[in-house]
Number of protein chains: 2
Amino acid sequence: MSIADIGEFGLISRVVARLENGPKVLLGPGDDGAVVAAPDGRVVASTDVLVEGRHFRRDWCSAADIGHRAAAANLADIAAMGAEPTALLVAFCAPPDLDADWAEELAAGLSAEAALVGASVVGGDMSSSPTLTIAVTALGDLGGRPPVRRGGAQPGEILAIAGRTGHAAAGYTILSRGFRTPKALVEAYRRPQVPYGAGPVAAAHGATAMIDVSDGLLQDLGHIADASLVAIDVHSAAFEVPSQMRDAASALGLDPLQWLLAGGEDHALAATFPAGEPLPAGWAEIGRVYDGTGITVDRKPWSGPVGWDHFR
Amino acid sequence: MSIADIGEFGLISRVVARLENGPKVLLGPGDDGAVVAAPDGRVVASTDVLVEGRHFRRDWCSAADIGHRAAAANLADIAAMGAEPTALLVAFCAPPDLDADWAEELAAGLSAEAALVGASVVGGDMSSSPTLTIAVTALGDLGGRPPVRRGGAQPGEILAIAGRTGHAAAGYTILSRGFRTPKALVEAYRRPQVPYGAGPVAAAHGATAMIDVSDGLLQDLGHIADASLVAIDVHSAAFEVPSQMRDAASALGLDPLQWLLAGGEDHALAATFPAGEPLPAGWAEIGRVYDGTGITVDRKPWSGPVGWDHFR
């Protein structure tokens, strides 16, 4: 049955039935607005949009996968501010002939990913559109801490990441070449494994700047460097290349470092920390902050692509 | 210059330069998330999406108009909960050949409409897409009051509205028939005049249920009736037909009551109040709540359309 067959309000009630309200939801879906707890008198908010053909393909990912990915992209932004996600709102635009089951599975995926961090889908909107589009807004709670911004890195500090890079990019490349294996890399693209908890942990341990790696590690580090007025150097030796990734790169005639340094969508967190103190659990050193501007790899310019521009 | 020419980050910086931060913005655009004040420890949140060809046409409205409309649709939802809007987040999807000036004007329109209520555009995302799409999430502050839901109407209560209905629908019909006048009605479609302040006022005066009239008065009242398990009757005599609307309807061979009762997008607020007490300023009685189910007009079933379904 298509979403046109069941209509906007029919689809809303089927989708809402797939959602679960977490502890931060004071009023869930079904009214003009939701009400979400903001215990410290502030709310962190971030929006990310996924467009079919640009951010996902229905023949590469299930509806539930796409729900997980859409939620992850947003929840990771909240974590990168040092906050705990509390709620998601979803604008869903789809062709009228889309199967209603697909829309329900998407909602279930969004809800399940949010539930990993105790957050809930609390509202949204639906419209027909020629282009399947999922715009998600995430809200979060800073727990009394100041937000960790992009502009606080200082020369001499440690650059660290939590989570992995390159896996989703490898999976994307594999799918785009028409392959479906290695399964671990394809699954990494379909359902990113985001270290959400590492964000608040970093904030509590004095991280001076933090970002979610969504467009590519070097490109996203460029935002920290620009905002902090510093240079950042990445140590390529800090990245272990998993054997499956090395084999896949070799089979495709590619350098796996390209995936590790310029791939996005694993939603690792990158942060800077004062030197001389142990990094918090889950964080690994991958570089240093210097005086200057821009990003280097092993103190040399990087000649490959650094990431992804959504209009080019 | 197209948005592909200036790129995602170039466009973001041009757009952000058009935004102004209001008093509730603790951290504005430019990081992974914004931080917005939520003084009473709760935040109201609502999402509405506008799709080109479905919700707007670029030959009918300027970019600034569309920005005003997109903001209004969301800010009105916040007001309908009895809250004061504080912030907007915007997901913007557009064809790469879109003129960058158009995107900037859209942002200026969003920001200007938000500024009417002291709210600000605090964040968002951009992507290329074949379909121009604007998904907005609005946040708001309840000021310590409980939210006014749809389900609290009781038999015997007064139905009232703040703001106007039918003007935007008349403007839409006029434009869709290829005309550009009367200008007042066309302008009502292009830039709705939303009684934002009437929402918190109604909440403070004991409104028992409230909704934003976005899809059509009778259809939206149906949501109150369904949620409250009551019947609602609308008094058609309560609606004054402005002479321009009467003349336009006559010229087009239409009944203006169809616009007034089933037109949306003026974003009037409709609410129920206990009988026997004066209505707050800005609110006018248009009907009554009864035992039963469904919506009637002058105690009779309404045979015309009641509103708009976004998938049909």
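Residues numbered from 1 in each chain as written. Chains lettered and ligands numbered in written order. Predicted model: local features only at pLDDT ≥ 70, side-chain atom pairs only at ≥ 80, totals over all residues. Heavy atoms only, no water.

## Regarding the state of the cysteines
Where we set the bar: Cysteine sulfur pairs qualify as disulfides if the two atoms are within 2.5 Å. Each residue's exposure class comes from its accessible area (1.4 Å probe, protein chains only) as a fraction of the maximum for that residue type: buried when under 20%, exposed when over 50%, partly exposed otherwise.
The final tally for this structure, using the stated rule, is zero disulfides over all chains. Residue Cys-61 of chain A stays outside any disulfide, its sulfur separated by 18 Å from that of Cys-93 of chain B, the closest cysteine. No disulfide involves Cys-93 of chain B; its sulfur sits 7.7 Å from the nearest other cysteine sulfur, which is in Cys-93 of chain A. A relative accessible area of 1% places Cys-93 of chain B in the buried class.

## Description of the sheet that holds strand E10 (residues 268-273) of chain B
Pairing between the strands of a sheet comes from backbone hydrogen bonds, and it takes one of two forms, parallel or antiparallel. All names here are of chain B. Heads up, the condition is: The pairing criterion for strands is at least two bridges between them, as found by DSSP. To qualify as a helix, a DSSP run of H or I must reach at least 4 residues; to qualify as a strand, a run of E must reach at least 2; elements of each kind are numbered from the N terminus. Lines fitted to the C-alpha atoms define the axes, with helices restricted to the stretch that makes contact. Angles between their N-to-C directions range from 0 to 180 degrees. Any two residues having at least one pair of non-hydrogen atoms within 4.5 Å are treated as being in contact.
The sheet built from six strands is open, its strands ordered E8-E10-E7-E11-E9-E12 with mixed pairing. Since the sheet does not close on itself, it has two edges, and those belong to strand E8 (209-213) and strand E12 (294-297), each with one partner. Averaged over all adjacent pairs, the angle separating strand axes in this sheet is 25 degrees, with direction ignored. Across the sheet, helix H2 (residues 63-80) lies against E8 and E10, angled at about 170 degrees from E8, the strand it touches most. Across the face of the sheet, helix H7 (residues 217-228) comes into contact with strand E7 (158-162), E8, strand E9 (231-234), E10, strand E11 (284-290) and E12 while running at roughly 155 degrees to E8.

## Some remarks on helix H1 (residues 3-16) of chain A
All names here are of chain A. Selection criterion: Working rule for helices: expected span equals 1.5 Å times residues minus one. Polar contacts, as counted here, are pairs of nitrogen or oxygen atoms within 3.5 Å of one another; within protein the pair requires one atom able to donate a hydrogen and one able to accept it, and residues that are adjacent in sequence qualify only if both atoms are side-chain atoms.
Compared with an ideal rise of 1.5 Å per residue, which puts 14 residues at 20 Å, H1 spans 14 Å between its outermost C-alpha atoms and falls more than 12% short. Along H1, the residues that are buried comprise Ile-3, Ile-6, Gly-7, Glu-8, Leu-11 and Val-15. Taking the backbone nitrogen of Ala-4 as reference, a side-chain oxygen 3.3 Å away marks Ser-2 as the first, capping residue of H1.

## Looking at the packing of aromatic side chains
Residues and elements named next belong to chain B. Put simply, the rule is: Pairing of aromatic side chains requires ring centres within 6.5 Å, counting the rings of Phe and Tyr and the six-membered ring of Trp. Pairs whose planes differ by under 30 degrees are stacked, by over 60 edge-to-face, and all others tilted.
Scanning the entire structure with this criterion turns up eight aromatic pairs over all chains. Seen in terms of ring centroids, Trp-60 and Tyr-172 are 5.6 Å apart; in terms of plane orientation they differ by 75 degrees. Their pairing is edge-to-face. One end of the pair, Trp-60, is in the loop between strand E3 (42-51) and H2; the other, Tyr-172, is in helix H4 (residues 167-176), and 112 residues separate them in sequence. Relative accessible area serves as the criterion here: at 7%, Trp-60 is assigned to the buried category. An angle of 70 degrees between the planes, with centres 5.4 Å apart, marks the rings of Phe-273 and Trp-283 as edge-to-face. Of the two residues, Phe-273 is situated in strand E10 and Trp-283 in the loop between E10 and E11; the sequence distance between them amounts to ten residues.

## Remarks on the packing of helix H4 (residues 167-176) of chain A against helix H5 (residues 183-190) of chain A
Residues and elements named next belong to chain A. Stated precisely, the cut-off is as follows: We call two directions roughly parallel when the angle between them is under 35 degrees, roughly antiparallel when it is over 145, roughly perpendicular when it lies between 65 and 115, and oblique otherwise. The classification used treats Ala, Val, Leu, Ile, Met, Phe, Trp, Tyr, Cys and Pro as nonpolar, Asp, Glu, Lys and Arg as charged, and all other residues, Gly among them, as polar.
Viewed as axis vectors pointing N to C, H4 and H5 meet at an angle of 105 degrees, and their least axial separation amounts to 7 Å. One finds that H4 runs roughly perpendicular with respect to H5. Along its contact with H4, which presents His-167, Ala-168, Ala-170, Gly-171, Tyr-172, Ile-174 and Leu-175, the element H5 presents Leu-185, Val-186, Ala-188, Tyr-189 and Arg-190. Class assignment for the residues of the contact of H4 with H5 results in nine nonpolar, two polar and one charged.

## Quick look at helix H8 (residues 243-252) of chain B
All names here are of chain B. Condition: Taking the helix axis as origin, the arc is that swept by the directions to the C-beta atoms.
Within the sequence span of H8, burial applies to Met-245, Ala-248, Ala-249 and Leu-252. Relative to the axis of H8, the buried residues are bounded by an arc of 100 degrees and lie together on one face. Away from its buried face by more than 90 degrees, H8 exposes Ser-243, Asp-247, Ser-250 and Ala-251. Taken together, the buried residues of H8 touch H4, helix H5 (183-190) and helix H9 (256-262).

## Structural notes on the sheet that holds strand E1 (residues 25-27) of chain B
Ordered by their spatial adjacency, six strands build an open sheet running E5(A)-E4(A)-E6(A)-E3(A)-E2(B)-E1(B), and the pairing between neighbours is mixed. Two strands lie at the open edges of the sheet, namely strand E5 (120-128) of chain A together with E1 of chain B, each paired on one side alone. On average, adjacent strands in this sheet sit at an angle of 25 degrees to one another, irrespective of strand direction. Pairing of strand E4 (residues 84-94) of chain A with strand E6 (residues 133-141) of chain A, which is carried by nine bridges, proceeds in the antiparallel orientation.

## What to know about the relation of the copies chain B and chain A
Selection criterion: Superposition of the copies used a least-squares fit over C-alpha atoms from residues whose pLDDT is at least 70 in both.
In screw terms, the move from chain B to chain A is a rotation of 180 degrees and a rise of 0.0 Å along the axis, fitting with an RMSD of 0.0 Å. Those values place the two copies in the arrangement expected of a two-fold rotation axis. For chain B, the smallest separation between a C-alpha atom and the rotation axis is recorded for Gly-41 of chain B, amounting to 2.3 Å.

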